[in-house]
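A closer look at the structure
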Amino acid sequence: QLLRWVLLQAAWAASGGQLHYSVPEEAEPGTLVGRLAQDVGLEVAELVSRRLRAVAKGGRDCFEVNAQSGALLVKSRLDREELCGPSPRCALDLEVLVDKPLRLFPVEVEIRDINDNAPAFAVNEDFLFISESRLPGSRFPLEGASDADIGTNSLLSYTLSPNEYFSLDVQRKNDLSKSLVLVLKKPLDREETPEHRLLLTATDGGKPELTGTAQLVISVLDVNDNAPVFNQPVYEVRILEGTANGTLVIKLNATDSDEGVNKDVLYFFNNRVPSSVKQMFSIDRNTGEFRVNDELDFEDTNLYEIQIEAIDKGTPPMVGHCKVLVEVLDVNDHAPELAVTSLSLPVPEDAPPGTVVALLSVSDRDSGDNGKVSCSIGPGLPFRLVSTFKNYHSLVVAEALDRERVAEYEVVVRARDQGAPPLWASRRLVVPLSDVNDNAPAFPQAVYTVFVRENNPAGAPVLSVSAWDPDLGANGRVSYWAVERRVGERPLSSYISVHSESGQVSALQPLDYEELQVLQFEVSARDAGLPALCGNVSVQLFVLDANDNAPVVSPPGSGRGALGPELVPLSAGAGHVVGKVRAVDADSGYNAWLRYELQEPRAAGPFRVGVYSGEISTARALEEADGPSRSLVIVVRDHGEPALSATATVSLSLSERAQAVAWESGPPRAGSAGPAGAMNVSLMIAICSVSGLFVLVIVLYVGLRCPGAPEVTCGPGKGPGAGASASEAGSWSYSQRQSRLVCVGEGTVRSDLMVFS
């Protein structure tokens, strides 16, 4: 066994490591190809354990391994021509595998050719048409036979059935190429023999020989020596595109000088005419009518050059030629086409005129005027179309844009050709505008007026201002601040503050009417754009008075620090003015309107005090029992809510030698004068609020009981009403910070006047 294995390995190495077998084609299934197990050195007992098997390459499973004997057998039909075609050598490759250990043995099986294919001609009958005018020696090529086998099995020889007119000439160029020619030996006579039938036989070189035959049918043709002739070599025709199918384009005419059927003419497209043209047009073979067969499109093809043949019915047929030139004329059947090739959006609202928004291309597949296109846009738009170069237009800004007025434009571009009738196309463009900071914040009113009562809480809001900016984003985001200035000796920022986001104005400290009646300032609103824009508004803040100041009693006369004793003559009668209490109130209006009264009326004895004048006078004639002196406590109250008050103590001494005191209030008022000097004063006081300011309207109705109409004069400080007037009606002393123009009637009349600011 060892020796056998060594010899097999030596033989394996000598053969190049591959086993070779051969088998004839068409071998029956089960035919032994080779003893595979023995050739690879395996014992029969090892076949099962080592799994001897064969795998075909290329998916051709033609062989199998017998598991008991280890023989390589034919599995399916072997057809060399099917497996390898015309290849001279036909071999199939196998891979033989064994396990334990795994080894691979390449195996090649050669398929040997057998003569199993007879020669075959392409057609069983080959028809030839030969004119009777052909001369002897004329040669007519024939198509030879083919044999699927190889080698000598495919070598063919030809024979022709015996006849007196034709012979066979076989010329061999090489082993693979032969030329087969039919040779005319004597002239043909169609009237004698119109048709010849010959049998062409091909024989291969196999053993045994196989043959194939073909029938040669030779028709002898009458001589037709005149070809049809068209009446003109070139026909030129014009026709509109879109012409209906079946429309006659032209009727062709060709004539033949021959007689009989040789002069009968049929019309055809030349074989070289493209099928697309044959689809577009049709020709009646009998009449020569050339008609439209499909839809003509100028934009697709505007000129057709068509070769037409007129073939007579002679044998052999003769052919005449002409050319038909069909020019397709354009009609306006294509609307313009608009395309946006470039778009720059959004457009800044501050874009200058001439800024390009979009670039459009326009085209029209028609020609001439039908293909000339004009473009336009609708009216009322801040854009215009500019023709840049051929077939291109630019949509540009024509005038100033304002996003706050119109944020987005819809532009419809229309294209119109010059055909008749014209065709249209349109393209809709939406052009949004982007915001720029071109609007300053604006307040809804030029002036804000607000009234704040003094002694307000520190930090309390007094009003809110609001500005509107129509811009977007940061351009429309508004912040507020007060424009700094000085109010007296102090900066504005010490009085008020403005919230930067809400615009709320707050008083930083309690306001004092006696210090500041009106605070005028400006609030500025600024947006967050770049650059930022501002808007201002004026604010008038009026401080309303509160009753926060008590009356203050002033000394009489020269301004001594205390009220000294007043001397009163015992001879004084009722109504005699013995003195006057003067008081001032720093407040304003009703808060400064003072009322005088005795704290203890019973202790006053014969004296009384004017409710509004503060004048101390006698209520009756004095008596000695009234005592040598009196002390009067006078209470001065204002009319505020709640009312504030002050007291003054007046000492009076009764004397026989006392002199009357001249008071600043002037001569005695109504009640001590005679009837001639009496007057009635009706005082009506109206306090009105106009634009946040208090305006005093004083309507005086004065009834004078005197001989004639007194002259009325006006002037500051003139007459009894220039200062503080006194009468039984009352007296009121106003803060010396303000002065008024007072008009009174001159004469002996008396009047009392109270002025409210």
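Residues numbered from 1 in each chain as written. Predicted model: local features only at pLDDT ≥ 70, side-chain atom pairs only at ≥ 80, totals over all residues. Heavy atoms only, no water.

This part is about the overall build of the protein. Counting secondary structure elements, the protein contains 5 helices and 53 strands. Expressed as a percentage of contacts within the protein between residues at least 6 apart in sequence, the contacts between residues at least 24 apart total 67%. For the protein, the exposed surface amounts to about 40600 Å²; the carbon and sulfur share of it is 52%. (Helix = DSSP H or I, 4+ residues; strand = E, 2+ residues; numbered from the N terminus. Contact = heavy atoms within 4.5 Å. Areas by Shrake-Rupley, 256 points an atom, 1.4 Å probe, with all protein chains shown as cover.)

Here we take up the packing of aromatic side chains. Between two aromatic rings, the relevant description is the distance of the centres plus the angle of the planes. Taken as a whole, this structure holds 12 aromatic pairs when the rule is applied. A centroid spacing of 6.1 Å and a plane angle of 50° characterise the contact between Phe-230 and Tyr-267, whose relative ring orientation is tilted. Pair noted here: Phe-230 is in strand β15 (residues 229-230) and Tyr-267 is in strand β19 (residues 265-269), with a separation of 37 residues, a long-range link. Each of the two residues, Phe-230 as well as Tyr-267, counts as buried. When the ring of Phe-269 is compared with that of Phe-290, the centres are 6.2 Å apart and the planes differ by 65°; the resulting orientation is edge-to-face. Residue Phe-269 is located in strand β19, and its partner Phe-290 is located in strand β21 (residues 289-292); the two are separated by 21 residues in the primary sequence. Judged by its relative accessible area of 0%, Phe-290 falls in the buried class. Ring pairs connect the aromatic residues Phe-269, Phe-281, Phe-290 and Tyr-304, which therefore count as one cluster. Of note, Arg-490 hangs over the ring of Tyr-495, and the distance from its end group to the ring centre comes to 4.4 Å. The ring of Trp-481 has Arg-526 sitting right over it, with the charged end atom 4.5 Å from the ring centre. (Phe/Tyr/Trp six-rings, centres within 6.5 Å; stacked < 30°, edge-to-face > 60°. Buried < 20%, exposed > 50% of the residue type's maximum accessible area, 1.4 Å probe, protein only. Lys NZ or Arg CZ within 6 Å of the ring centre and 35° of its normal.)

This next bit is on the confidence of the model for the protein. Looking at the protein, the pLDDT average stands at 81 and 82% of residues meet or exceed 70. This stretch, residues 557-563, has a pLDDT under 50; its non-local contacts, to residues over four places away or in other chains, come to 9 contacts. (pLDDT = per-residue confidence, 0-100.)

Moving on, we get to the sheet that holds strand β22 (residues 303-312). What the 4 strands build is an open sheet, ordered β16-β23-β22-β19; its pairing is mixed. Either end of the sheet is taken by a strand with one partner, and the two such strands are β16 (234-240) and β19. This sheet shows a mean twist of 30° between the axes of neighbouring strands, independent of strand direction. Inspection of the sheet shows β16 paired to strand β23 (residues 319-329) by 7 bridges, in the parallel sense. Looking at β23, one finds that Ile-239 is bridged to Val-328. (Pairing = 2+ DSSP bridges. Axes fitted to C-alpha atoms, helices over the stretch in contact; angles between N-to-C directions.)

With that settled, consider unusual backbone geometry. Cis geometry is found at the peptide bond from Leu-530 to Pro-531, where omega equals -5°. Inspection of the secondary structure puts Pro-531 in the loop between β39 (518-527) and β40 (534-544). Across the junction of Glu-641 and Pro-642, the peptide omega takes the value -5°, indicating a cis bond. Along the chain, Pro-642 turns up in the loop between β48 (629-638) and β49 (645-655). Look at Glu-26: it is not a glycine, yet its phi comes out positive at around 65°. The topology assignment puts Glu-26 in the loop between β1 (19-24) and β2 (32-34). One non-glycine residue, Arg-51, lies in positive phi territory at about 50°. Along the chain, Arg-51 turns up in the loop between α3 (47-50) and β3 (53-56). For Arg-51, a relative accessible area of 46% puts it in the partly exposed group.

Now for the state of the cysteines. A complete count under the given rule lists 1 disulfide for this structure. Here Cys-84 pairs with Cys-90 through a disulfide, and the sulfurs are 1.8 Å apart. In this structure, the disulfide formed by Cys-84 and Cys-90 twists by about 60° around the S-S bond and is classed as right-handed. (Disulfide = S-S within 2.5 Å.)

Below, the discussion takes up the environment of Ala-91. Checked against the element boundaries, Ala-91 lands in strand β6 (residues 91-98). The exposure class of Ala-91 is partly exposed, given its relative accessible area of 26%. Residues within four places of Ala-91 in sequence aside, it is in contact with Cys-84, Glu-108, Val-109 and Glu-110.

Judged by pairing direction, the sheet is antiparallel, and its 3 strands sit side by side in the order β33-β38-β37 without closing on themselves. Sheet topology places β33 (461-464) and β37 (496-498) at the edges, where each strand pairs with a single neighbour. In this sheet, adjacent strand axes meet at a mean angle of 20° when their direction is disregarded. In this sheet, strand β38 (residues 504-507) lies alongside β33 in antiparallel orientation, the contact comprising 3 bridges. What sits directly across from Ser-464, in β38, is Gln-504.

The subject of this paragraph is the side chain of Asp-364. If you trace the backbone, Asp-364 turns up in the loop between β26 (356-363) and β27 (373-377). Lacking a salt bridge, the buried Asp-364 has Arg-365 as its closest oppositely charged neighbour, with an N-O distance of 7.6 Å. In terms of polar contacts, Asp-364 uses its side chain to reach the backbone amide nitrogen of Asp-366, at 2.9 Å. The residues touching Asp-364, leaving out its near neighbours within four places in the chain, are His-334, Ala-335, Pro-336, Asn-370, Gly-371, Val-373 and Asp-417. (Lys, Arg positive; Asp, Glu negative; His and termini not counted. Salt bridge = Lys/Arg side-chain N within 4 Å of Asp/Glu carboxyl O. Polar contact = N/O pair within 3.5 Å; in protein donor to acceptor, adjacent residues only side chain to side chain.)

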